[in-house]
Structure formats: structure tokens, C-alpha cells
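# Secondary and tertiary structure notes
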Amino acid sequence: MLLIHCPYCDKELPELEFAYAGEAHIARPVDPSALSDDEWRDFLFIRSNPRGTHFERWRHIHGCGRFFNAARDTVTDKFLTTYPAGEARPDISKLTGSKA
Amino acid sequence: MSAFRIAGKGRVNHSKPVRFTFDGKTVQALDGDTVASALLANGIHLVGRSFKYHRPRGILTAGSEEPNALVGTTRGPGRFEPNTRATMQEVFDGLKTESQNRWPSLTMDIGSVNDRMHKLFSAGFYYKTFMWPRSFWDKVYEPFIRAAAGLGKSPTEEDPDHYASRFHHCDVLIVGGGAAGLAAALTAGRSGASVVLVDEQSELGGSLLSEPSIEIDGKDAWSWLDATVAELSGMANVRIMTRTTAIGYYHQNMVGLCQKLTDHMATPPADAPRERLWRVRAKQVVLAQGASEKPLVFDGNDRPGVMMAGAAQTYLNRFGVTVGRYAAVVTSHDSAWYAAFDLLTAGVKVNAIVDTRAQVDPTLVDSARALGIDVFLSSTVTGTSGRKRVTSMTVAPVTDGKVSGGSHVVACDTVLMCGGWTPNLHLFSHTKGSLIWDDENKVYLPHEKTEECQVAGAGRAVWGIADTLKDGADAGAAAVKSLGKSGAAVTFTVSKDRTGSGETHRELPTDGDPGSARAFIDFQNDVQAKDIRLAVREGMKSIEHVKRYTTNGMATDQGKLSNINGLMIASDALGRDVKQVGLTTFRPPYTPTTFGALAGYHKDGHFEITRKTTIDSWAEEKGAVFEPVALFRRARYFPQGSEDMHAAVNRECKATRTSLGMFDASTLGKIEVVGPDAVEFMNRMYTNPWTKLQPGRCRYGLLLGEDGYIRDDGVIGRLTEDRFHVTTTTGGAPRVLNMMEDYLQTEWPDLKVWLTSTTEQWAVVALNGPNARKLLEPLVEGLDISDEAFPHMSVADCTVGGLPARLFRVSFTGELGFEVNVPARYGLQLWEMLWEAGQQYDICPYGTETMHVLRAEKGYIIIGQDTDGTVTPDDAGISWAIGKAKPDFVGKRSLARPDLVASGRKQLIGLLTVDPKTVLEEGAQIVDDPKQPIPMKMLGHVTSSYWSEALGRSIAMAVVEDGRARDGKSVYIPMPNGVIEATVQASTVFYDPEGARLKL
Ligand SMILES: [Zn+2]
């Protein structure tokens, strides 16, 4: 069971309190009607599914209730960092050190 | 005294006899025995039959890795457990044990005919033999496999025990209480760190329990052990747990422990849990799990009486039991020589030591010869004999890996084998820590760590007590240092230590036909050396494929004995280096774990919560039949007298349509959407337009996913300009709130809106029927509820019978309807008041079944029953709920996706069976032409189907390809006892299509 740092509560808490919410940094288009079918398909369904660092959304559903973003390694499952929703994607090389 | 017990020897209590039974016969044992040690003390080696060939099998090990000696245990009424390892189960008075996988008896087993047909059961036999014809699976193959192969029988009674669970946090968790673990615990404990030390055995000591002759700090091993355990037990910061297995090592240093609390007790304390599952979060973990002795692979290595040399040493020194009268040893490691010496000293005749190595420590060889043991170096064992107990083994010399001379036979009643030692790295592997092959020692060692852990002792191939103690103390000191504490590694002086080394082999050379050799690798799954070679010949290149094809390592012991032998043979067969072949993955649990321990408190009433409304008790008193809906239990119907569901529902439907019904609708999900931007938020979330909805009015709301499919629906009331009372489906409330929060927080954080779940704040009573207003009107104050002043789809605050209420005029039945919301604490009071007042109208309480029928008569859909996550508003025939002028809402863009506008989609329609008395089965498949060849093309399926008392016939809804275009046409529903014809009705509304009854 992972311990997850909620950036709002600023505490490491058990995974049981959190819910996963898919890939992060995929903003809903401001005007969906302006998108072609292919563009809309990509928004809806196409995800990066990387082996390695994945930016993803979590919700502290049984805590403060807020959504936040995280960078997590999909191989080790380990969290590199978590940060509030709306903040820019952090610099990976700073998170993973020399391995990046 | 038992024939093979040595008076006064071992750690068993010789003054405390214990009796238990094995296959109905009483066995004399001593307190401190395991079932295995007690059976061996009585000369019993044959304890079971193997999985596939039903070969007689004996006790192979003295630990949790035991693959053979699995027994059924009965610890009192209802407390039967199959597949208990006899080597781990402690004896107590009254324990009953039985052998498994044999019929009619252990010594006379019919299934052993499988052994004579063993060539039919080679690797991949399941895949090859039972492929075709498909229909043979159910009737021939599977019953045969189940009858012929298998382990113990499942218990038939409900488990009467209960199981506990606990969380724990500590600085250092040490797994394994042998020399390394004890040294680590002393070091960490003396530093003041909070320490947990666990061991799966009944007492601490590990290999020291089998090596009493070693001296530590001037004391014999057991005196040192007593003193050490006493010191650790006296430390307030150290918690010792025996009979506790670390079953899994999870992320961020969480280790699962299963502590067995009562399985060793004749009379457990009343109400004591049987086991306790611990979730320990440790800052540092020290893995001191030791090593498992590896079997040697030779023809007949599985006969009862053939066992691990280290196990024989344990039975002798720890339990005071000799495993035979005259033994022969075959080994590739020094440790078995010491085992032979111990047995010989205890009076067992050792007829031969056969070592595969050409060079062996001369001190060992000289000692053996001085003790009168025949020594054969650079030799192999080519076979054993004896059916239910080994009687001899055949020895031959080896040169350059081949038998190079004549063989001879060594008589023995016990063969002690040792193929070296495998570090136990299971838990380390759970962390995805990488392993590295050590070519010199032919073992895998822990390499790169992913967690805050140390591996110490034999678990990283450190050998000998002196080095192991030092290694453990160093690991303890490293853990302490990582905590930022100071504490030097405790040091020890050891004398009379037994160090040594050895080699690792594939199967031993033989002069016979390797194809007919019965040389076992995985004893429990009956996998032989030749199976591995066959798998490779048949194209299995990866070790994971070899494992699955042969089932090597897939038994309950998870390859603890077989992995490395299988790997060595596969590597040889593939002609590839061991490093390149690699190891299969270890997964939790380390040893078999009861479902009870994993379930813990989550059983019976605690398995899942049952949500009840405030009116639930009334329904229970009235004899309602309940059904689970999401986490709620809801009254399904209220039978009177001897009514069945059909009769009760017909009566409830009729009463509601003709006069008045009352329904507990409290479970309906409720969300209050509040704020200056509430209407904008509603416009973006729901398909419908909300801007022009006046306060005091309601509208049916439809919620889509961004993919355009229906997610939820419900009536939504606008209370004021900036406040909406949203209702959702009973099961959908948490999902809908989560979805709303998601959009609000992450897509539209600029909107000033607050969302609050109010499901449990309100109790809701729905009144439906032509007399609904007549009942309600005299009770309502502060509101005119006439049709003119309070038309269908209105909402307002008022009081009902003096209770503060939020009153809706809505209907899910097609009748004149009101839903009275009162604060939940008044729910029962409101219900009883309406029940009393309603007697003049023969008010009828109805349940969810009647609600379903009444709504189906009106064609109202239920999300999740008539929709399944792939249904669009158009598919469901409710495009009218879409605000076409709105620029955007969740899911709008998707409604124009090519697949969603294509023809041939399944549409929700009404179905009327040609025979009005036939009620279709929900889920039944629908076809165009019942005479078409099988497999038929299926057009869709029935989603809702009921007997309609109001219409005097059956009604159904279905999703059918191009359904609305089939209006008036026939479709067919093939069922096991005949084909049913039905007519499509494009509209799903069956009753009162004009909606006149709503307008009373
Ligand atoms: Zn939080």
C-alpha cells in the first residue's frame, strides 16, 4: 500500500484515502465543437501510457476531497512528487536526478 | 517412549506427553513436537500421495518449504483445514490429522495407477491431451483430472473462527529470528530503536535450534539463545512475534505479517482470534530469512525416507528424533557431512557418504572415515529402491560428468540429501529488488534495492554462525544509522562453528535411460528433470514459459525447493548461461495464507456496510422483503398473508394506480449545487437547458460522460436563482458528485459553485396515485398544492404535518405524485403520519419491485438496467432532454462522433409478446429469424420485463438494432424451451401515453 502526499493537506497518507483519476495535463478543449473527429478522439481516448514517469491525477477523496497531480514511475510505482491541480508539469530531470 | 525418540534430547518437553491422531490412529508425541517430528518419532515416513502420480511421499523438510507432508487437520468441531504442512503444525492433545490425496487408504491407493502410466502425464500434458473435442471438457477431462489429481478437500462447514487485523509502525522490522536476525535485533534494540522481530517458527533461534554444539560468547548455543531472547524480551522497545510469517513486502516498507495465535492450542481462550494480520510500516527492514536446502535430482529421490540432510539434523537436535536406523548420505555441500556426524553420534548407522565433488575438505573426509563411514567422492546416485520406504540407493563413480564405472548398492532406510542452499529472497523480490547470479556460489544474491532494507546472513549466502552473527549485527547497525541513531554492531565470539561450501548441479549423472528416470524437481507438482528438458525441446525458451508448461514451482511451496534445480536444468537444455535464462518472479504470499487472515474483520455483517433509511425499521416490522440496491437495503415488496412476490406486486400496483401508494424514496442520491455560477455549472454538466428554469420548477436532468454515453439522470429542482436540488440514481450519487467535483475543481475552477452531498440529510416519502393530493392537502401548511398553483414538476418549501418539508410534485409512476422531503430525523414520523392519515384511502406501501413495474408501464428508463454505458440519448429515445441551443455541455461533442451517428445502433424500444401471458426474461437475446443457423446474429437484448397488472399483459423494454424502424414488426427470443415471438413498439410508453393521469 502506497503512502501518498496530499499537497493540500501536506501529509503522507495511506493509499486507501485516495482515488486514481487518470492521466494529468489533458485539459478539456475550450470549444470542443471546433475539434475534428480525430482531434476529439485523441482527447477522449489517446493516453501516453509510458513506461517510466507518468503524470497523473489523484483525488484525496476520503480526506480534503481535492484533486491534485502526481508524477509517478510506472515501473516502480513510486511517486516522484505531487502538486496542486493547475500547476505546471514539474521538471522530471530534477525529480529523478541523474537517471533522467 | 516412541521408537525413534532419544531420551532427554532436543527442545521438546519429555515430561509432557501429547496424543493426537493420524488417519484415526493415536500417535504418541511430546509437547514441542510438530506433526512431522511426532510421526517420525514413531517411524512413520509415508504421509501422503503426490499430486499427479499418487506416488508415496514422505516428510522431506523440517520447515515451511515442505512440499510433501501436507495433511488435513481438525482442531475441534468445524475447524478442519486441508493442506496443512505437517512440518509447521504443532501437536496438542486432541488434534486430528489425516493424509490426503489417497483412496481408499494411504497404503492402498487406487490413483497410484497414474504412476504406471506416467509417460502419459509428461510436461504440457494438460495442454496436449485435453484439447479436443471441446465438449469432452465438462464430462470427461475435468472430472478425471479433478478425481485423479489434487490436494486436500475443502472444508465443508463455515469457518467458526474469527480473525483480527492490526496496523503497526516501527523503526526496524526484522524478518527471521535466526542468528542474523537475533544479532540485528540486539544491535537495533540496544540503540533504543523500536524493533519488531518476527519468526514463523514457534520459537526464536532459526538454525541455532538445530546446531546446539556451537558456542557463542563462551556459552553453548542454546544457553546463548536463552540469554539473548531474555534480553530482547526485557527491552520495552522490542516486540517479538513468533508463529508469525512475513507474507508479503509491499511499497514503502509495508510488510504484511500473518500471526498464528491458536492453531497450536488444545483449548484456545474463548473468543481469541485464530490469526492476526499485521500491516507493519517500518522505517527500516532487515531480511534475515536464511536459506533453504536444495534437493539433489536423481532417480527415485522422492521415496519416503529420502529427506533433506538439514531436516534430519533438525529432527535430531531440536526434536530428539532419529529419522532412521541406517542412513546413506548424498550431497554436494559440506553441511550434510555435519548432519551425518550428528546422526552417527546419536546412534544412527551411517552406511555411506556420497559426494558429487572430487575435492572435499580433507578434515571432513578423515573424520568420516575415522567414524567408520564409507566415503565415495566424485560419485553419483543412479537410483533408489523401496516402494513405501527407501531400502537402498545405488552409487556409481563419475568422471567428466559421466558415470565411469560399475555401480553398487548401499542398503539404507533413510537417504539424506543436500544439493546446497538457496538464499530465501522471496520478500526481497516482492519489492522488485534485483537479483544477481553469483557464479562462484551458484546462487542468486540480492542486488539493487528499491526499499529501505538490509539483507543479512544466509539470505545473502553468508555461511557459518560467526559470519552470520556479524552480518546480522552489521545490518542492524546500518538500519540504526539510517534512522539517524547511534549504535555499534554488537560483536560475538564463536567457537566450534561449522563452516563450509558446496556446489550446485543439474540432475545427477546416471548410467540408465534418462527418459525412464523418475528424478523429481518439484515434488508437490510431480515435475521431473525430463519434463523440463521436454518443455525446452518443444520450444519453450523463456523460464516463465517452462514454468507454466511444466508447472514447476507452481505448487503451494512456490518453488522454494525447485526453482534453482529447474533453472539449472533449463539452462543446460537451452545451452544458455543461467544468468541469461533468469528466474521466475516471486509473488506474495510467502507461504499459503488463510482467507480468514486476509478477510480479518470484514465478514458477515462487517463484510460490507448496509445502509438503511430512517424508515427501514417500519418496513422490517411490516414483514417487507428486502433487496440490496447499491449499499442500501430497500424494501422490495410488502407481502400480506401468503402472498408471493407476484401477488404482492400486482396488489401494490393496483392500489397505487387506483387510489394511493407510498414509497420510501430516501435512498435517491441528492446533491445541492449552490453559488452565483450554479446555473452556468448546471448548463455545462447536464444536457438540458437550465437558464430559463424558474425557481420553484423542476426538470428531468440527463448527465452524459464526455464520451456521449448516458451516465445518470434524475429530477432537478431549482430552489432559488443560485440553488439547485439535484437528484441522482440511488447507486450513482457518489459517482455523480465525484464527476461534478472533477469538472468544478480541474476544468472550471473559476466558477463560484459549491457542491454538497445531501442524500442522508433528507428522508423522502413518495406519494403516488389519484388520491395523493387529497391525503396531502390537509397536512400542508404554507403552500397551495392545487394543480393550478403547484403543477407537475414544482418544488417548494412548506410544512407537512408540522414538519419542515421540501415538497416536490414529481412522478416516477405516471400517477399524480408528490415527494415529501423532510430532515432525515423526521423520516419515520412523517411516514407513520402519512400511513395513519392514508388509511381512509387504503394507502398501500409499496417496494422497489412495484416501483419498477409502474415506471416500466410508463417507459421511464432506469440507468444501469435499460442503459449499460454504451447508450446515447438518441439510443434511449430521450433526445428531447438535450438543450440543442447550448454551445457546449459534457458529452455534447461526442454526440457527433461518427460511431454515434451511424445507423444500426441499438435503440431502446417496447416489446409486446404475441402471447400476452408470456413474461420475457431480462437479458434474453433477440434475433430476427429464429430459423437461421447457429450462431445466430443477435440484434439486442431485453432490458426490463414485467407482468403489468394495469394492462393485463406482459410488457418489456429492449435494446434492438435499428429498433425504432422495426415498429410493428416481429422479433424472436430463442429460449431453452422454445422460441418466443414479440412485436416491436417504437415507443416505450405502454400506459397512459397522453400523460393525463399526471394532471389531476
Ligand atoms: Zn488532502
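On a predicted model such as this, the values are computed, not experimentally measured, just so you know.

## Examining the overall build of chain B
A tally of regular secondary structure across chain B gives 24 helices and 52 strands. Seen through its C-alpha atoms, chain B measures out along the principal axes to roughly 115 × 70 × 55 Å. When burial is assessed residue by residue, chain B has 58% of its 1000 residues classed as buried. The contacts in chain B between residues at least 6 apart in sequence include a share of 66% that link residues at least 24 apart.

## So, the packing of helix H18 (residues 645–658) of chain B against helix H23 (residues 848–857) of chain B
All names here are of chain B. One can describe the packing of H18 onto H23 by two numbers: an axis separation of 9 Å at closest approach and a directional angle of 55°. One element, H18, and the other, H23, form an angle in the oblique class. For H18 against H23, the interelement crossing comes out right-handed. Facing Met-645, Val-649, Glu-652, Cys-653, Thr-656 and Arg-657 of H18, the residues of H23 in contact are Glu-849, Thr-850, Val-853, Leu-854 and Glu-857. Looking at the contact of H18 with H23 residue by residue, the class counts come to five nonpolar, two polar and four charged.

## Examining the nonpolar core
All names here are of chain B. Tyr-315 and Val-330 are the most contacted members of the largest nonpolar core, which has 76 residues in total. Broken down by element, this core gets its largest block of residues, eight residues, from helix H8 (residues 335–345). Residues contacting Tyr-315, with those up to four places away along its chain left out, are Ala-36, Ser-37, Leu-40, Ile-59, Thr-61, Ala-62, Thr-87, Met-307, Gly-320, Val-321 and Val-323. Counting residues in each nonpolar core, the second largest holds 36 residues, with Ala-180, Leu-182, Leu-204 and Leu-208 among its members.

## Considering the coordination of the zinc ion
Residues and elements named next belong to chain A. The coordination sphere of the zinc ion contains the protein donors Cys-6 (SG), Cys-9 (SG), His-60 (ND1) and Cys-64 (SG), at a distance range of 2.0 to 2.3 Å. Around the zinc ion, the four donor atoms sit at angles spanning 106 to 114°, and that spread fits a shape best called tetrahedral. Along the chain, the residues donating to the zinc ion are arranged with the sequence spacing C-x2-C-x50-H-x3-C.

## Quick notes on the interface of chain A and chain B
Counting residues at the interface gives 28 residues for chain A, matched by 28 residues for chain B. Summing the contributions of chain A and of chain B, the shared interface buries around 2200 Å²; its carbon and sulfur component is 48%. It is Met-1, Arg-28 and Phe-67 of chain A that lose the most area in chain A upon contact with chain B, and together they represent 31% of the buried surface on that side. Salt-bridge contacts for Asp-37 of chain A lead to Arg-893 of chain B; the nearest nitrogen and oxygen are separated by 2.7 Å. At the boundary of chain A with chain B, the tally comes to 18 residue pairs in polar contact (both at pLDDT 80 or more). Elements represented by at least two residues in the side of chain A that touches chain B include exactly helix H1 (37–45) and strand E4 (53–59) of chain A.

## Some words on helix H12 (residues 529–537) of chain B
Since there are 3.6 residues in each turn of an α-helix, residues three or four apart along the chain are aligned in direction. Judged by how many residues are buried, H12 of chain B sits mostly within the fold: seven of nine residues are covered. Regarding H12 of chain B, the residues found buried are Ala-529, Lys-530, Asp-531, Ile-532, Leu-534, Ala-535 and Val-536 of chain B.

## Thoughts on the side chain of Lys-547 of chain B
Here Lys-547 of chain B shows up in helix H13 (residues 543–550). Setting aside its immediate chain neighbours within four residues, Lys-547 of chain B contacts Asn-552, Gly-553, Met-554, Thr-584 and Thr-585 of chain B.

## Description of the sheet that holds strand E39 (residues 723–728) of chain B
Residue and element names in this part refer to chain B. The strand order across the open sheet built from five strands is E37-E38-E39-E36-E40, with neighbouring strands paired in antiparallel fashion. Looking at which strands have only one partner, the edges of the open sheet turn out to be strand E37 (698–704) and strand E40 (754–757). Across this sheet, the average inter-strand angle for adjacent strands is 25°, counted without regard to direction. In this structure, strand E38 (residues 710–720) lies alongside E39, joined through four bridges in antiparallel fashion. Bridged to Ile-716 within E39 is Val-726. Against the sheet, helix H20 (residues 733–747) contacts strand E36 (669–674), E37, E38, E39 and E40, and its axis sits at roughly 20° relative to E36.

## Here we look at the pairing of strand E22 (residues 392–399) of chain B
Residue and element names in this part refer to chain B. In terms of burial, E22 is largely enclosed, as six of its eight residues are buried. Where strand E21 (residues 379–385) folds back onto E22 in an antiparallel hairpin, the turn is made up of six residues, including Gly-386, whose phi is positive at roughly 110°. As paired elements, E22 and strand E24 (residues 408–411) share four bridges and run antiparallel to each other. Within E24, the position partnered with Ser-392 by the bridge is Ala-411. Two strands pair when backbone bridges link them, and E22 and strand E23 (residues 402–403) are joined in this way by two bridges, in the antiparallel orientation. In the strand pairing of E23, Val-398 is matched with Val-403. Count of turn residues in the E22/E23 antiparallel hairpin: two residues, of which Asp-400 carries a positive phi of about 50°.

## A word on the domain arrangement of chain B
Residue and element names in this part refer to chain B. Taken domain by domain, chain B comprises domain 1 (13–129), domain 2 (166–291 + 423–487), domain 3 (295–419 + 501–518), domain 4 (520–580 + 588–607), domain 5 (646–855) and domain 6 (903–1000). The C-alpha-based centres of domain 5 and domain 6 are spaced at 30 Å. On the domain 6 side, the residues contacting the 17 residues of domain 5 number 13 residues. Across the domain 5 to domain 6 interface the summed buried area is about 1300 Å²; carbon plus sulfur atoms make up 53%. Contact with domain 6 buries area across many residues of domain 5, yet Arg-657, Val-853 and Arg-855 alone supply 32% of it, more than any other trio. Glu-815 is paired through a salt bridge with Arg-997; the nearest N and O atoms lie 2.9 Å apart. At the level of secondary structure, the elements contributing two or more residues to the side of domain 5 that touches domain 6 comprise H18 and H23.

## Section: the UniProt feature "domain: Aminomethyltransferase C-terminal" (unreviewed entry) in chain B
The feature "domain: Aminomethyltransferase C-terminal" (unreviewed entry), as annotated in UniProt, sits at residues 906–992 of chain B in this numbering. Annotated as 0% helix and 52% strand, the span residues 906–992 of chain B places its first and last C-alpha atoms 26 Å apart.

## What about the pairing of strand E5 (residues 70–74) of chain B?
Residue and element names in this part refer to chain B. Within E5, five of the five residues are buried, leaving the element largely enclosed by the surrounding structure. Of the two faces of E5, both are covered, the one formed by Leu-70, Gly-72 and Thr-74 as well as the one formed by Val-71 and Thr-73. The hairpin turn running from E5 into strand E6 (residues 80–85), its antiparallel successor, is five residues long, and Gly-76 in that turn takes a positive phi close to 115°. As defined by bridge partners, E5 adjoins strand E7 (residues 96–98) across three bridges and the pair is classed as antiparallel. When the sheet's bridge partners are listed, Thr-74 is paired in E7 with Lys-96.

## Some thoughts on the pattern of salt bridges
Counted under the stated rule, the structure contains 59 salt bridges over all chains. With a closest N to O distance of 2.6 Å, Asp-742 of chain B and Arg-57 of chain A form a salt bridge. With Asp-742 of chain B in helix H20 and Arg-57 of chain A in strand E4, the pair connects residues from two separate chains. A relative accessible area of 14% means that Arg-57 of chain A is categorised as buried. Taken together, the salt bridges that share partners define one network made up of Arg-75, Arg-79, Glu-81, Asp-161, Asp-263 and Arg-274 of chain B.

Cut-off values and rules
Residues numbered from 1 in each chain as written. Chains lettered and ligands numbered in written order. Predicted model: local features only at pLDDT ≥ 70, side-chain atom pairs only at ≥ 80, totals over all residues. Heavy atoms only, no water. Helix = DSSP H or I, 4+ residues; strand = E, 2+ residues; numbered from the N terminus. Buried < 20%, exposed > 50% of the residue type's maximum accessible area, 1.4 Å probe, protein only. Contact = heavy atoms within 4.5 Å. Axes fitted to C-alpha atoms, helices over the stretch in contact; angles between N-to-C directions. Parallel < 35°, antiparallel > 145°, perpendicular 65-115°, else oblique. Left-handed = near helix turned anticlockwise from the far one by under 90°. Nonpolar A, V, L, I, M, F, W, Y, C, P; charged D, E, K, R; others polar. Core = buried A, V, L, I, M, F, W, Y, C linked by side-chain atoms within 4.5 Å. Donors = N, O, S within 2.8 Å, 3.2 Å for Na, K, Ca; no water. Tetrahedral: all angles 85-135°; square planar, octahedral: opposite > 155°, others 65-115°. Buried area = accessible area lost by both parts, 1.4 Å probe. Salt bridge = Lys/Arg side-chain N within 4 Å of Asp/Glu carboxyl O. Polar contact = N/O pair within 3.5 Å; in protein donor to acceptor, adjacent residues only side chain to side chain. Pairing = 2+ DSSP bridges. Domains from an automatic or database assignment. UniProt positions renumbered as here; feature names shortened; annotations may be inferred.

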